[in-house]
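Architecture at a glance
Given next are the chains, with one letter for each unit.
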Amino acid sequence: MAEIRLTKVEQGQTKIRNVPIAVTPEGFWCCPSPVVFQKSLKSQNPLNKPKSSSPPPKTTVQKKQIPLNEKKPMTTTIRPAITSEDQITFTPDSPGISEPIVPERVPRPKVEHVPRKVAIEFGEPGTSDMKVILLGKQGFCVKLSLHKKVLLEHSSFFTDKLSEQESRLSCLEIDDCEDVEIYVETVGLMYCKEMKQRLIKQSVSRVLRILKVAELLGFNSCIQSCLEYLEAVPWVGEQEEEKVVSSVLRLQGEGIGVTPVLKRISSDVSNLPNDTISHIMDLVLKSNEERGRREMKSIVLKLLRENNSHPSYACSADICNETIYTSCRSCLDSLLSLFKLAAEPEFADKPMDTKELVVKQIALEADNLSWLLDILADRQAADEFALMWARQQDLATLHSKLPIVSRYHVSCITARLFVGIGKVELLPAKDTRQLLLQTWLQPLINDYSWLQHRCRSFDRKVVEEGIGRTILTLPLEDQRSFLLAWLGSFLKAGDNCPNLQRAFEVWWRRTFIRPYADGQGNVLQSDSSMTSKQ
């Protein structure tokens, strides 16, 4: 088995420590991080400290003069063998490199001048023919004992470096190494035959770091193994997914094949998103399972709202709106058919199970239309829906013929439209607003009591404000007509009728106080005369 040695080097003094690192016949695998290196130094005892049964008294001076990094290393061996480090002479001005190493013991230098250096050997001991010096941050230095044949076989970076120099070059120094730990680990992968087995227990973030170093080294087999790992492993969370995608896209820009990984987030089929959305909506609309349908409606609505916030989705918005309106028309046709069935005289004589099924289907179609209206309102595309609903005179006529328990769900759609107009979620034309009030205001008033007590999502104040604001957007004569009709219902039903007192007060001031009577009357007359001349 190969041996890996961790050496602490002081000026004129050599101390060697075997590192607890997994080593296989193929070579090195898991390199300790710089933090582990430092912790190993901190866990050492002071050199030449006398042994005694009782500890010597501690003083403040001794604490200041004996820092942690001067302690004697603790030896942990992979196998019971300790060998001295090869004697290699480095240039004295090399940062983080000590003076030539000698086996003799010499007086210990001052602690502040002791560099932090680690020596690691790959493969069989004593067979290396290449030294690579990694100079990291804060003076941390790692010396790797490697083999030229392995470097030339796996790394285009080392191939280029060695080809630029003489063939007898035996030492290469790499400055400003950002990630020394991962650099050493990636080099160690050159000695492994089954890289996939080595990567399988690593985290995604660590493999991304290895991938980055492998890219710098031109270590193609490692890059491929990392990509295979990323293609197979789950990406947990949006942040991790973004990191993987950005790393893979960077490789794609350099001409490295990354298609299998990117297939997880992209598709070659051009119409797939719209076709898929249409299929999902059909499944949700046709579902008879109440809880699953309700939860999926909430999820799809939330996800479509996220889509609306992305500019890249705007190009397909029109196509998606057409799909939604197709579903709206289908639901309206189904709802009208159910109303006609329930309004037939012989329907009352049918079995209770049949009647309950029809009532359940009416509630389902009404809920589907309310959901589709919410989607269109979020997309600012509900104006056409308001017109479609305002034109449902046949449905409104049948509305009064059905028991209130069967029909009140339909009034939720009318209330939602009034709320949307009041909150400026849709801007239907004046004729549409007027027709909407003419067709559906009275049915809404008739069902108001049931809506308050049977509809969980019904908010009385919000609905009343929406109705009032919708009425106040009409010409003054139309405001008078609708508010007087409301007043008659309100005086009879009280709390079982919408309270439009605020809108009534605004109309009253506009009509009787008339702050703009003189000037505006002349303006309106002049406008009408100009229109008639044209």
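Preceding this paragraph is the structure being described.
Starting afresh in each chain, residues are numbered from 1 along the sequence in its written order. Only residues with pLDDT of 70 or above have their local features reported here, since the model is predicted, and side-chain atom pairs are shown and tallied only from 80 upward, although totals for entire chains, interfaces and linings are computed over all residues. Excluding hydrogens and water, the side-chain figures rest on all heavy atoms present in the structure.

**With respect to the overall build of the protein chain**
A count of helices and strands for the protein chain gives 23 helices and ten strands. To sort residues, take the accessible area from a 1.4 Å probe on protein chains only and compare it with the maximum for the residue type: under 20% means buried, over 50% means exposed, and anything in between is partly exposed. Counting all 534 residues of the protein chain, 44% fall into the buried class. Any two residues having at least one pair of non-hydrogen atoms within 4.5 Å are treated as being in contact. Taking all contacts inside the protein chain whose residues are at least 6 apart in sequence as the whole, residues at least 24 apart take part in 72%. Here the Shrake-Rupley method, with its probe set to 1.4 Å, supplies the accessible areas, and only the displayed protein chains count as covering residues. Counting only carbon and sulfur atoms, one obtains 53% of the accessible surface of the protein chain, whose full area is about 30,200 Å². Secondary structure counts use DSSP, requiring at least four H or I residues in a row for a helix and at least two E residues in a row for a strand, with both numbered from the N terminus.

**Here's the deal with the packing of aromatic side chains**
Think of it this way: a Phe, Tyr or Trp ring, Trp meaning its six-membered ring, pairs with another when their centres are within 6.5 Å, and the plane angle makes it stacked under 30 degrees, edge-to-face over 60, tilted otherwise. Under the defined criterion, the tally for this structure stands at eleven aromatic pairs. Each ring, one from Trp-389 and one from Trp-440, has its centre 4.6 Å from the other, and the planes form 15°; the classification is stacked. Linking Trp-389 in helix 15 (residues 383–390) with Trp-440 in helix 18 (residues 430–446), this pair joins segments that are 51 residues apart in sequence. Owing to a relative accessible area of 0%, Trp-389 belongs among the buried residues under this scheme. Of the residues examined, Trp-440 reaches a relative accessible area of 0% and is grouped as buried. Plain terms: the ring middles of Trp-508 and Phe-512 are 4.4 Å apart, the flat faces sit at 50° to each other, and that makes the pair tilted.

**A few points about the packing of helix 17 (residues 404–422) against helix 20 (residues 460–472)**
Orientation is described by lines fitted to C-alpha atoms, with helices fitted over the stretch in contact, and by angles between N-to-C directions that extend from 0 to 180 degrees. Across the interface, helix 17 lies against helix 20 with an axial gap of 7 Å and an inter-helix angle of 65°. Classed by the angle they form, the pair helix 17 and helix 20 counts as roughly perpendicular. For helix 17 against helix 20, the interelement crossing comes out left-handed. Contact with helix 17, carried on its side by Ala-415, Phe-418, Val-419, Ile-421 and Gly-422, involves Val-462, Val-463, Gly-466, Ile-467, Arg-469 and Thr-470 of helix 20 and no other residues of that element. Here the angle decides the label: under 35 degrees means roughly parallel, over 145 means roughly antiparallel, 65 to 115 means roughly perpendicular, and every other value means oblique. The sense of a crossing depends on the near helix, which, turned anticlockwise from the far helix by less than a right angle, makes the crossing left-handed and, turned clockwise, makes it right-handed.

**Re helix 22 (residues 501–513)**
An α-helical segment advances 3.6 residues per turn. Residues three or four places apart therefore align on the same side. Taking 1.5 Å of rise per residue, the 13 residues of helix 22 would be expected to cover 18 Å, and the 17 Å separating its terminal C-alpha atoms lies within 8% of that figure. Here helix 22 has its buried residues at Ala-503, Phe-504 and Trp-507. Here the buried residues of helix 22 occupy an arc of 100° about the axis, which is enough to place them on one side. Facing away from the buried side of helix 22 by over 90 degrees, the exposed positions are Arg-502 and Ile-513. Of the surrounding secondary structure, the elements contacted by the buried residues of helix 22 are helix 20 and helix 21 (476–493). Immediately downstream of helix 22, the backbone of Arg-514 shows phi near 50°, a positive value. Under the convention used throughout, the expected extent of a helix is 1.5 Å for every residue step, that is, one less than its residue count. Working definition: the arc comes from the directions between the helix axis and the C-beta atoms, pointing outward to the latter.

**Examining the environment of Pro-403**
Along the chain, Pro-403 falls in the loop between helix 16 (393–399) and helix 17. Pro-403 sits in the partly exposed class, given a relative accessible area of 46%.

**Looking at the nonpolar core**
Within this scheme, the nonpolar core is defined by two criteria: the residues are buried Ala, Val, Leu, Ile, Met, Phe, Trp, Tyr or Cys, and they are joined through side-chain atoms within 4.5 Å. If you look at the biggest cluster of nonpolar residues, it comprises 73 residues, and the most contacted ones within it are Leu-369, Trp-371, Phe-385 and Trp-389. If one sorts the elements of this core by residue count, helix 13 (residues 317–343) sits on top with eleven residues. Contact partners of Trp-389, with chain neighbours within four places excluded, come to Leu-332, Leu-335, Leu-369, Leu-395, Val-410, Ile-413, Thr-414, Leu-417, Leu-436 and Trp-440. Formed by 52 residues, the second largest nonpolar core is a distinct cluster that contains Val-150, Phe-158, Met-190 and Leu-230.

**Quick look at the side chain of Asn-368**
Along the polypeptide, Asn-368 turns up in helix 14 (residues 352–378). Classification of Asn-368 by relative accessible area gives buried; the value is 0%. Setting aside chain neighbours within four positions, we find Asn-368 in contact with Leu-285, Arg-293, Lys-297 and Cys-331.

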